[in-house]
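Working through the structure, step by step
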Amino acid sequence: MASSVTLLGHAVERSEDPPLLTGSARFVADLDRPGMLHAVFVRSQVAHGLLRSVEVAEAAAMPGVVAVFTASDLPLADLPEWPRGEPPRAELGRPCLARERVRFVGEAVAVVVGSTLSAAVDAAEAVTVDIEPLPTVLDPLDALAERAPLLFPEHGSNEVLRQLTGAAGALDGSEVVVRGHFYNQRVAPCPLEPNGAAAWPAAGGRLDCFASTQAPFRLRAAIALALGRPEETVRVVAPAVGGGFGAKGGVYPEQLVTAALAERLGQPVRFVETRSENMLAMCHGRGQVQEVALGARRDGTIVGLEATMVTEMGAYCWRGPVPFSTSRIMATGPYRIPKLSLTSIGAVTNTTPIGPYRGAGRPEATAMLERMIELLAAELDLDSVEVRRRNLLAPSEFPYAAPSGASYDSGDYSAALAKALALLGYEQVRAEQADRRQSSCATELGVGIATFVEISGSGSEYGAVRVEPGGSVVVLTGSSPHGQGLATTLTQIAAGMLKVPISTVSVVHSDTALVPRGVGTFGSRSGQLAGNAVAHAVEEVLEKARELAAVELEADPDDVVQLEDGSFAVAGVPSISLGLAELARRAGGPIGAEWDFAQESGTYPFGTHIAVVEVDTETGKVELRRLVAVDDCGRVVNPKIVAGQVHGGVAQGIAQALFEAVRYDESGNPLTTNLADYAFPSAAEMPAFELGETETPSPRNPLGMKGIGESGAVGAAAAVQNAVVDALSPYGVLHLDMPADPERVWRAVHEGRRDGQDPFSSSS
Amino acid sequence: MLVPASLDELLASVAADTRADLIAGGTDLMVEVNFGRRSPESVISVALVPELKSWYRSGDEVILNAALTYSEMMRPPLCELLPALAQAARTVGSPQIRNAGTIGGNLATASPAGDTLPVLAALEATVVLESAEGGRAVPVGEFIVSVKRTSLAPGEIIRSVRVPARRAAQEFLKVGTRNAMVIAVCSVALVADAERREVHLGLGSVGPVPLRAPRAEELATSLFDWDEGVPRASEKELARLAELASEAARPIDDHRSTARYRRHAVGVCARRAFERARLPDATGRRSVTP
Ligand SMILES: Cc1cc2nc3c(=O)[nH]c(=O)nc-3n(C[C@H](O)[C@H](O)[C@H](O)COP(=O)(O)OP(=O)(O)OC[C@H]3O[C@@H](n4cnc5c(N)ncnc54)[C@H](O)[C@@H]3O)c2cc1C
């Protein structure tokens, strides 16, 4: 057994994997109860329209149908607007089932409950929804234009959020100004398990709800609010969750409706999305238009940044404010940008609502800055590495007050950049690129760099530790891990600090009946917040144990020490010692402590990612050759878990850069509602990732940790995008929006050709 | 749902219920059903009919039975006899789809993006149809009449596909948005037949049906060194070959790609397929250097 000294920082095997690998893990779709009913939603097939009528009689009369509900038969409060705390704007509310108006294809209009799933599916097709179509608006800039069709006429505009940061004149004093117009495209989170929920009445009047969620306590609050019940009468459990990536951090209409149905019908009800439904009903991520100008001096020193970020909200101002505000906060990234003039706008359109998706605003800000750095370097004819070096914040500048109001904790950005360049062999790759450009090879080589900083771990989290007289250790966390490996990390922290074997520790989470309070797992928060909450609770347990030992050993508590084997003894008398379990037995019950760890200003993980791509200029196909990722997430508890998080994030970043985009036709019909049309990549598109790290502890929590859940997606997308543009630079290409799919790349090559000749004009 | 265990039984069932849908691997049919685009009243399975399984050689032809799966196309010795078909099969879907999906299903679906179709076009395959009344053989170009339309008559099934097994160079290239599970934006199959000394090109996803490119074929035939078994062409001739292949395409714009890109890419693929083509020697080995 690893001893305490090596336990933190050790690649302990994940305890989460065996049930997942052997198929014994239970997801919402696996939950069964006698008399389970099945809910199927009837969804709008029209992007924008007035809801004239919903005819349910035929469906309700079909065999196996228990009930059919519309908004009028199942009155539920609108979903809470985010962020909470601001005065709610009732006119912008998001109903659980559409009333009067539908605003996107996929919006739930009615729900059919059947005794079998197939009965409910068939009956859902028999519900007739009469919608009077209205003009649609899909592009956020169109939505902001005068005379655009309005989604919320009472609001008077499709602009639902606006925030100004800094002051005008950010570019004053610049010797050179470069400008960019970028679109960070809308993508779908695509967890392998779609959304799902089940609920049933339990003993004592309690309603038990199960959901594929990242935040059970949030969902409990929302269900209690929607049903007008005290929170204590609602239990929410997140069983095994097959991925969330932020998209399952909020509350969905379908979850509240499922709970309401179970309450109303007094029977178990389950709802599980199909993949195609998931592509419509689960939030999408990203979707930001950026109009940017970066001012600098001729030597490459940045003077100021002026930008407008228009974040799509989709049909409702629901969880889109998360990426809206995070991209604002991270707008100046790792660079010393003295002056910022930023306009952030949120616009509603007739599309699936936007929400947080891995990175949630951080990748948007990073891609914007990293593209601007490249444009500046090209303008000044400097190597972009040099431009970065001149502008990266230095370790001595922390804590750093960014112009957005963010307070960066700690960092050594240049060290991560240097390490990534060394891992890559930057000079060799550039030399190879030069050779390639000399030759007549149709395959160009491109190198792309992204230096970034992101924000993680805001708010607070609950943790508790209990040493039982039998020797087992129970850890409770308010976080809701769902694949990340947090249970292993918390086990390591508790076992390491208590000096007990890992096998004695179990972690309880994701059940509001077993954990008194908590928040959840999102925003790269859990390792640091739950970890420090547990660490603090362990310290209290150790303190209590020392006091108990002092009584038992008839010594002064100050003279009692914990030995390497975890037991307590009087200093200098190791032969008489008492273990933790023994102390609990003598105390007549468990030794426990709990703690809520809060970290209001968050921590700032950072790193440098570098991509090498080969671009076939004849077909436009991009082949990712290498992806080097150097990440700094402060103190590392388990390097294997950190690497796992980086791998997943990097893959999703690459996916955005090269493959994925949610598309609609002109009338707002989604075109990418399955994984054949939505180019979700697989391992076949990924190279072996080359990881490295630097370790700059955060001063904001005792363990010195920062988050690592999202950085992969933050850095990799921008690095790959830069690499593609770099490969195409001999063709005069200065920018290419993502995804760099073959056609888009080929067009860029083609349109960028200096001779301006269309080689196939004769045939097209 | 009926699951006949012999060809006779199958033909009798189909004759008795000409409106029934046939199912082989179900990888097209069930997608239609799941998306509510088709709701069959009755279904007859061809998957367990022994006469429709596997393949065999007959003289200088290979007979591919209708229920031959992609996984079977990828295995030796068939993959050595028909390398372009094996290459096409490797690009289809995922292992699950390749284990279930069949050549008969691909033909009957007649999607412009069907991956075996350009190969069968370049091989000048013959589709063998059968009904309770008897059989008939039609060239693949006549079997597929338009987008998702075939000349299969009510009561008829696809029994097999006949292709030549002559000494030939074969290539298949596909452009799509990713490496696995990808629907072709365009594809090209090339067959350089050493006995007839002819190069054939089949173009996929660039027209309502798989297309041939007669002018490009003519040029390619003249540029191929039939004695050495390798292509011999200048940069300019290769460019012309690509251009002629592009000209043969009749692509459309859809959400996967524009016609313009498809037309261009199919030319690049044709040229590359030609550049890669190597005739095998008598032992079946292909020379490496031109
Ligand atoms: C996830 C996924 C990925 C795919 N990827 C690809 C791809 O990359 N390339 C590609 O080309 N296709 C692809 N397909 C489509 C499909 O797999 C192929 O077209 C396959 O060849 C269909 O064969 P099947 O046996 O499954 O046909 P089925 O679905 O069983 O049948 C399809 C049609 O053919 C008819 N039929 C079947 N057998 C006969 C017969 N003997 N006689 C007459 N009619 C018959 C059926 O009635 C039906 O109309 C994919 C499908 C899926 C679901």
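Residues numbered from 1 in each chain as written. Chains lettered and ligands numbered in written order. Predicted model: local features only at pLDDT ≥ 70, side-chain atom pairs only at ≥ 80, totals over all residues.

**Description of the overall build of chain A**
A tally of helices and strands in chain A yields 19 helices and 28 strands. Radius of gyration (C-alpha) of chain A: 28 Å, near the 27 Å computed for a compact globule of 764 residues. In terms of principal-axis extent, the alpha carbons of chain A reach across some 95 × 70 × 50 Å. The proportion of buried residues among the 764 residues of chain A is 56%. In chain A, 81% of the contacts between residues at least 6 apart in sequence involve partners at least 24 apart. (Helix = DSSP H or I, 4+ residues; strand = E, 2+ residues; numbered from the N terminus. Rg over C-alpha atoms; globule rule 2.2 N^0.38 Å. Buried ≥ 20, exposed ≤ 12 C-beta atoms within 10 Å, placed from the backbone. Contact = placed C-beta atoms within 7 Å.)

**A few points about the interface of chain B and chain A**
The partner chain A presents 19 residues to the 19 residues of chain B that form the contact. Among the secondary structure elements, those contributing two or more residues to the side of chain B that touches chain A are helix 11 (235-248) and helix 12 (259-276) of chain B. Considering each element in turn, the side of chain B that touches chain A owes the most residues, six residues, to helix 12 of chain B. Split by residue class, the side of chain B that touches chain A holds seven nonpolar, seven polar and five charged. (Nonpolar A, V, L, I, M, F, W, Y, C, P; charged D, E, K, R; others polar.)

**Concerning the site of the ligand**
The environment of the ligand is made up of 31 residues, and the closest members are Ala24, Gly25, Gly105, Asn106 and Ala108 of chain B. At the ligand, the nearby residues belong to more than one chain, namely chains A and B. Breaking the shell around the ligand down by element, the ones donating at least two residues are strand 1 (21-23), helix 2 (29-34), helix 6 (95-100), helix 7 (103-109) and strand 9 (157-164) of chain B. Tallied by class, residues from the shell around the ligand come to 17 nonpolar, eleven polar and three charged. (Near = placed C-beta within 6 Å.)

**Considering the domain arrangement of chain B**
Residue and element names in this part refer to chain B. Partitioning chain B into domains gives domain 1 (51-164) and domain 2 (168-276). Taken residue by residue, the interface counts 21 residues in domain 1 and 24 residues in domain 2. Elements that contribute at least two residues to the side of domain 1 that touches domain 2 include exactly helix 5 (83-90), helix 8 (116-122) and strand 7 (144-146). Broken down by element, the residue count for the side of domain 1 that touches domain 2 peaks at five residues, all from helix 8. A breakdown of the residues in the side of domain 1 that touches domain 2 according to their chemical character gives 14 nonpolar, five polar and two charged. (Domains from an automatic or database assignment.)

**Regarding the nonpolar core**
Ranked by size, the top nonpolar core spans 321 residues in total, and within it Val112, Ala494, Val720 and Val724 of chain A together with Ala270 of chain B carry the most contacts. In contact with alanine 270 of chain B, other than residues within four places in its own chain, are Val188, Leu201, Ala213, Ala216, Leu241, Ala242 and Ala245 of chain B. (Core = buried A, V, L, I, M, F, W, Y, C linked by C-beta atoms within 7 Å.)

**Quick notes on the domain arrangement of chain A**
All names here are of chain A. Annotation of chain A at the domain level lists domain 1 (4-24 + 459-599), domain 2 (31-134 + 195-272) and domain 3 (285-456 + 602-752). Of note, the centres of domain 1 and domain 3, computed from C-alpha atoms alone, are 38 Å apart. At the interface, 22 residues of domain 1 touch 22 residues of domain 3. For the side of domain 1 that touches domain 3, the secondary structure elements donating two or more residues are helix 14 (486-498) and helix 15 (526-552). Among the elements that take part in the side of domain 1 that touches domain 3, helix 15 stands out by supplying five residues, more than any other. Split into classes, the residues belonging to the side of domain 1 that touches domain 3 amount to six nonpolar, 14 polar and two charged.

**Overview of the packing of helix 6 (residues 216-227) of chain A against helix 7 (residues 253-265) of chain A**
In helix packing, the relevant descriptors are the interaxial angle and the interaxial distance, both defined with respect to the helix axes. All names here are of chain A. Where helix 6 meets helix 7, the closest approach of the two axes is 10 Å, and the angle between their N-to-C directions is 55 degrees. When the axes of helix 6 and helix 7 are compared, the pair comes out oblique. In terms of crossing hand, the pair formed by helix 6 and helix 7 is right-handed. Counting all contacts with helix 6, which are made through Leu219, Ala222, Ile223, Ala226 and Leu227, the residues of helix 7 involved are Gln255, Leu256, Ala259, Ala260 and Glu263. Considered class by class, the residues forming the contact of helix 6 with helix 7 number eight nonpolar, one polar and one charged. (Axes fitted to C-alpha atoms, helices over the stretch in contact; angles between N-to-C directions. Parallel < 35°, antiparallel > 145°, perpendicular 65-115°, else oblique. Left-handed = near helix turned anticlockwise from the far one by under 90°.)

**Focus: unusual backbone geometry**
Across residues other than glycine, the phi torsion is negative in most instances, and most of the peptide bonds are trans. A cis geometry characterises the amide bond from phenylalanine 398 of chain A onward to proline 399 of chain A, with omega recorded as -5 degrees. Within the secondary structure, proline 399 of chain A is located in the loop between helix 11 (384-391) and strand 16 (400-401). Cis geometry is adopted by the peptide bond preceding proline 77 of chain B, which originates at proline 76 of chain B and carries an omega value of 5 degrees. Its location among the elements puts proline 77 of chain B in the loop between helix 3 (70-73) and helix 4 (78-81). The backbone of glutamate 100 of chain A sits at a positive phi, close to 65 degrees, despite the residue not being glycine. In this fold, glutamate 100 of chain A is placed in the loop between strand 3 (65-70) and strand 4 (101-102). At serine 54 of chain B, a residue that is not glycine, the phi angle is positive and equals roughly 65 degrees.

**Describing the pairing of strand 26 (residues 606-616) of chain A**
All names here are of chain A. Strand 26 sits mainly inside the fold: ten of its eleven residues count as buried. Note: strand 18 (residues 443-453) against strand 26, eleven bridges, orientation antiparallel. If you follow alanine 450 over to strand 26, its bridge partner there is histidine 609. Linkage of strand 26 to strand 27 (residues 622-632), two consecutive antiparallel strands, is achieved through a turn of five residues, within which glycine 620 is found at a positive phi near 85 degrees. (Pairing = 2+ DSSP bridges.)

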